[in-house]
Amino acid sequence: MRSNFEFLSRYWPEIAEIGMTAEACFYNSPQMCITKLWALAQRIVGLMIDYENISVSAELNTEERIKVLRREGRLPEKIDDILFAIRTGASDAAFLGSQLGDMETFLRMAHSLSKWFMEVYGNWNYMPEDF
């Protein structure tokens, strides 16, 4: 089966692998799926900080790094909303469990985040495929 995250492999094989693992966990372990999607989002945020050459303390967590990106004007509102949704979804799943319908929504959000990341930091000519 082809993954919705394969397109990341050329530039960021680690992120592609995280996305593919999230998809593979979709039916068997929705909680693992959202946990992997949050890991994907965290890796993207870290790379954004690096690519934008923003100096931050290594001790900052991802939420604080997101705030830095927002404050620096490097985070479009739609992407900020996706990051917030995935983070809160991962947090809720840890305590409340997860539904497959929710996971599909989160997978689609992570795919949108990944497409945006590719278009901005990878290949400006990238023609995104639908989820």
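To be clear, the structure that these remarks concern was listed above.
None of the values given here were measured: they were computed from a predicted structure.

Engineer: Got a sec to walk through the overall build of the chain? Specific residues and values, please.
Structural biologist: Looking only at helices and strands, one finds 5 helices and 0 strands in the chain. Reading the chain from its N end, one meets helices and strands in the order α-α-α-α-α. Computed over the C-alpha atoms, the radius of gyration of the chain is 14 Å, within 12% of the 14 Å expected from 2.2 N^0.38 for a compact globule of 131 residues. The C-alpha extent of the chain, read off along each of the three principal axes, is 40 × 35 × 25 Å. When each of the 131 residues of the chain is scored for burial, the buried share is 43%. Expressed as a percentage of contacts within the chain between residues at least 6 apart in sequence, the contacts between residues at least 24 apart total 61%. Looking at the chain as shown, the accessible area adds up to about 7,500 Å², and 48% of this sits on carbon and sulfur atoms.

Engineer: Go over helix α1 (residues 13-25) with me, naming the residues and quoting the values.
Structural biologist: If you check α1, its first and last C-alpha atoms are 18 Å apart, about what 13 residues at 1.5 Å a residue would give, namely 18 Å. All of the buried residues in α1 are Ile 15, Ala 16, Ile 18, Gly 19, Ala 22, Glu 23 and Cys 25.

Engineer: Explain helix α2 (residues 30-51) to me, and be specific about the residues and the numbers.
Structural biologist: For α2, built from 22 residues, the straight-helix expectation of 32 Å at 1.5 Å per residue is met to within 8% by its first-to-last C-alpha distance of 31 Å. One or two residues past the end of α2 sits Asn 53, with phi positive at roughly 55°.

Engineer: Would you mind going over the nonpolar core in detail, with residue names and values included?
Structural biologist: In terms of nonpolar packing, the biggest core is built from 42 residues, with Leu 37, Leu 113 and Phe 117 touching the most fellow members. When residues of this core are traced back to their parent elements, those giving at least two are α1, α2, α3 (62-71), α4 (77-96) and α5 (100-122). Non-local contacts of Phe 117, meaning those with residues more than four positions away in its chain, are made with Trp 12, Ile 15, Ile 44, Leu 47, Met 48, Tyr 51 and Gly 122.

Engineer: Tell me what's going on with the pattern of salt bridges, and back it up with residues and numbers.
Structural biologist: Taken as a whole, this structure holds 5 salt bridges when the rule is applied. Between Glu 52 and Arg 74 there is a salt bridge; the shortest N-O distance is 2.6 Å. Of this pair, Glu 52 sits in the loop between α2 and α3 while Arg 74 sits in the loop between α3 and α4, and the two are 22 residues apart along the sequence. Using a relative accessible area of 31% as the deciding quantity, one classes Arg 74 as partly exposed.

Engineer: Just give me the short version of the packing of α1 against α2, but keep the residues and values in it.
Structural biologist: Relative orientation of the contacting elements α1 and α2 amounts to 165°, with a least axis distance of 8 Å. Judged on the interaxial angle alone, α2 and α1 are roughly antiparallel. Our pair here, α1 against α2, has a crossing hand that is left-handed. Packed against α1, whose contacting residues are Glu 14, Ile 15, Ile 18, Gly 19, Thr 21, Ala 22 and Cys 25, the element α2 presents Pro 30, Met 32, Cys 33, Lys 36, Leu 37, Ala 39, Leu 40, Arg 43, Ile 44 and Leu 47 at the interface.

Engineer: Explain the side chain of Asp 80 to me, using residue names and the numbers behind them.
Structural biologist: Take Asp 80: it is sitting in helix α4. Those residues in contact with Asp 80 that sit more than four places away from it in its chain are Ile 66, Arg 70 and Leu 75.

Engineer: Which residues make up the environment of Glu 23, and what values go with them?
Structural biologist: Relative to the assigned elements, Glu 23 resides in helix α1. By relative accessible area, Glu 23 is classed as buried at 12%. The sequence separation of Glu 23 and Cys 33 amounts to 10 residues, and the corresponding C-alpha distance is 6.7 Å. For Glu 23, the contacting residues outside a window of four places in its chain are Ser 3, Asn 4, Phe 5 and Leu 107. A distance of 2.7 Å separates a polar atom in the side chain of Glu 23 from a polar atom in the side chain of Asn 4.

Parameters at a glance
- Residues numbered from 1 in each chain as written.
- Predicted model: local features only at pLDDT ≥ 70, side-chain atom pairs only at ≥ 80, totals over all residues.
- Heavy atoms only, no water.
- Helix = DSSP H or I, 4+ residues; strand = E, 2+ residues; numbered from the N terminus.
- Rg over C-alpha atoms; globule rule 2.2 N^0.38 Å.
- Buried < 20%, exposed > 50% of the residue type's maximum accessible area, 1.4 Å probe, protein only.
- Contact = heavy atoms within 4.5 Å.
- Areas by Shrake-Rupley, 256 points an atom, 1.4 Å probe, with all protein chains shown as cover.
- Expected span 1.5 Å × (residues − 1).
- Core = buried A, V, L, I, M, F, W, Y, C linked by side-chain atoms within 4.5 Å.
- Salt bridge = Lys/Arg side-chain N within 4 Å of Asp/Glu carboxyl O.
- Axes fitted to C-alpha atoms, helices over the stretch in contact; angles between N-to-C directions.
- Parallel < 35°, antiparallel > 145°, perpendicular 65-115°, else oblique.
- Left-handed = near helix turned anticlockwise from the far one by under 90°.
- Polar contact = N/O pair within 3.5 Å; in protein donor to acceptor, adjacent residues only side chain to side chain.

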